[in-house]
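# Examination of the molecular architecture
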Amino acid sequence: MKHILDFIENPLPWYVSGPLLGLIVPLLILTSNKQFGVSSSFRHVCSWLKLSKSAYFKYNYKEHEWATWFVFGIFVSGLVFLNFSDIHTSELSETAKNYFLSKNIPVEGFLPKELFSPTNLFSLYGLLLLFGGFLIGFGSRYADGCTSGHTIMGLSLLSSASLVASIGFFIGGVFGSFFILDFLF
Amino acid sequence: MGFYFGFVLIKSEAISWYRIVEMFHFQSFHLFGVIGSAVITGIVSVLIIKSVHLTTIKDEPIDLKPKPLLIRANFFGGLLFGLGWSLVGACTAPLFIHLGAGNLSILLVLIFVYIGTITYGAIKNKLPH
């Protein structure tokens, strides 16, 4: 029991957690013949709740129910592990620690609490968070997938669409970090 | 399966806001290592599955058709998604993990994710694909 708890709470090096992450690909293929992705569930949920009248949302969402259950499982993992266990993170690189220090952002846990507090939503970063959320929804559907469906699943299948999308993700991310976040903090 | 995926995302620290900011600033190898080794594991497993013609546990033949290439959509959509990823410091699955942890701001971010999805559905035909 203690070993299990240690495994859950102590940080893992990337060469252990990365392959564990990649294992989701054969696991899903072999158990359910599915290619997974998280962002497709956005479309299915909109279709299920009839949030829009566009033709894009008119199809049999019931065939894709599993994708929404998959996302529900992700939600439950956050609920369980981030509320009821004390997961330690490994140290950031020295460069990153100095960066956050210079920007006055305390490093604790998985998110900077202050930036993500509900009152901070009325600040400039709060607005950018909402705008970022909009881009995540819009961009992932436009690109036909997100980091899970394209970068992990798609690249595992050596798909050219996924390579193009993943290069796009990266360019967009580097741009946002150097040209927006750096000026904000 | 989702539960397993969520757990390893937490353990790999891919859900960490700090790690995302660090990665996009090229300040550490950590997430590059995580993503790189995850993809290599995926590629090798798919190659094995294909070469020994494995079937699913229910004995169905395996269907591995990758997504269609829509070069402009994949790229421009990718750029927008990447920008959103860096601004929020979390991509899609980590948002649900933070929501599970009970973060209310994330709930609002997720509402905007759905607004983005609906907007795409509404203007899909006007975009280059």
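A brief report on the enclosed structure follows. Treat the numbers as computed from the prediction; the structure is a model and nothing was measured.

Quick notes on the rules
Residues numbered from 1 in each chain as written. Chains lettered and ligands numbered in written order. Predicted model: local features only at pLDDT ≥ 70, side-chain atom pairs only at ≥ 80, totals over all residues. Heavy atoms only, no water. Helix = DSSP H or I, 4+ residues; strand = E, 2+ residues; numbered from the N terminus. Buried < 20%, exposed > 50% of the residue type's maximum accessible area, 1.4 Å probe, protein only. Phe/Tyr/Trp six-rings, centres within 6.5 Å; stacked < 30°, edge-to-face > 60°. 1 Å grid on protein atoms, 1.4 Å probe; cavity = no way out; pocket = protein on both sides within 12 Å on 5 of 7 lines; lining within 4 Å. Points joined across faces, edges and corners; volume = space filled by probe spheres on them. Domains from an automatic or database assignment. Salt bridge = Lys/Arg side-chain N within 4 Å of Asp/Glu carboxyl O. Contact = heavy atoms within 4.5 Å. Buried area = accessible area lost by both parts, 1.4 Å probe. Polar contact = N/O pair within 3.5 Å; in protein donor to acceptor, adjacent residues only side chain to side chain. Nonpolar A, V, L, I, M, F, W, Y, C, P; charged D, E, K, R; others polar.

Right, let's talk about unusual backbone geometry for a bit. Although it is not a glycine, A:Asn104 adopts a positive phi angle of roughly 60°. Mapping A:Asn104 onto the fold places it in the loop between helix H6 (94-102) and helix H7 (124-142). Residue classification places A:Asn104 among the exposed residues on the basis of a relative accessible area of 70%. Even without being a glycine, B:Asp59 presents a positive backbone phi close to 70°.

Let's shift gears to the packing of aromatic side chains. Overall, the coordinates contain 35 aromatic pairs over all chains when judged by the stated rule. Where A:Tyr125 meets A:Phe185, the ring centres are 5.4 Å apart and the plane angle is 55°; that geometry is what we call tilted. Of this pair, A:Tyr125 sits in helix H7 while A:Phe185 sits in the segment after helix H9 (160-184), and the two are 60 residues apart along the sequence. Residue classification places A:Tyr125 among the buried residues on the basis of a relative accessible area of 4%. For A:Phe185, a relative accessible area of 25% corresponds to the partly exposed category. One aromatic cluster is present, formed by A:Tyr99, A:Phe100, A:Phe116, A:Tyr125, A:Phe185, B:Trp17 and B:Tyr18 through successive ring pairs.

Within this structure, the stated rule accounts for 2 cavities of 30 Å³ or more. What the largest cavity holds in volume is close to 200 Å³. Lining the largest cavity are 18 residues; nearest its centre among them are A:Thr147, A:Ile152, B:Leu9, B:Ala14 and B:Cys91. In terms of domain composition, the lining of the largest cavity takes at least three residues from each of domain 1 (1-65) and domain 2 (67-129) of chain B. What lines the second largest cavity is A:Gln35, A:Gly149, A:Met153, A:Gly154, A:Leu157, A:Ser159, A:Ser162, B:Pro66 and B:Lys67. The biggest single contributor to the lining of the second largest cavity is helix H8 (residues 147-156) of chain A, with 3 residues.

To continue, consider the pattern of salt bridges. Residue and element names in this part refer to chain A. Applying the stated criterion to the full structure yields 6 salt bridges over all chains. A salt bridge links Glu 91 to Lys 97; the nearest nitrogen and oxygen atoms lie 2.5 Å apart. The class for Lys 97 is partly exposed, based on a relative accessible area of 27%. Salt bridges sharing partners connect three or more residues here, namely Glu 91, Glu 94 and Lys 97.

This paragraph deals with the interface of chain A and chain B. Taken together, the contacts link 122 residues of chain A with 106 residues of chain B. Interface area, chain A with chain B, both sides summed: about 10100 Å², of which 76% is carbon and sulfur. Summed over the three residues of chain A that lose the most area to chain B, namely A:Trp14, A:Ile136 and A:Tyr142, the buried surface amounts to 8% of that side. Between chain A and chain B we count 0 salt bridges in total. For the interface between chain A and chain B, the tally reads 27 residue pairs in polar contact (both at pLDDT 80 or more). Of all the elements, H9(A) adds the most residues to the side of chain A that touches chain B, at 18 residues. Of the residues in the side of chain A that touches chain B, the class split is 76 nonpolar, 39 polar and 7 charged.

By the element assignment, B:Ser28 lies in the loop between helix H2 (17-24) and helix H3 (30-51). The buried category is assigned to B:Ser28, whose relative accessible area is 17%. Apart from the residues lying within four places of it in its own chain, the contact partners of B:Ser28 are A:Ser93, B:Arg19 and B:Glu22. One polar contact links B:Ser28 to B:Glu22, side chain to side chain, over a distance of 3.5 Å. At a separation of 3.0 Å, a polar atom in the side chain of B:Ser28 contacts the main-chain amide nitrogen of B:His30.

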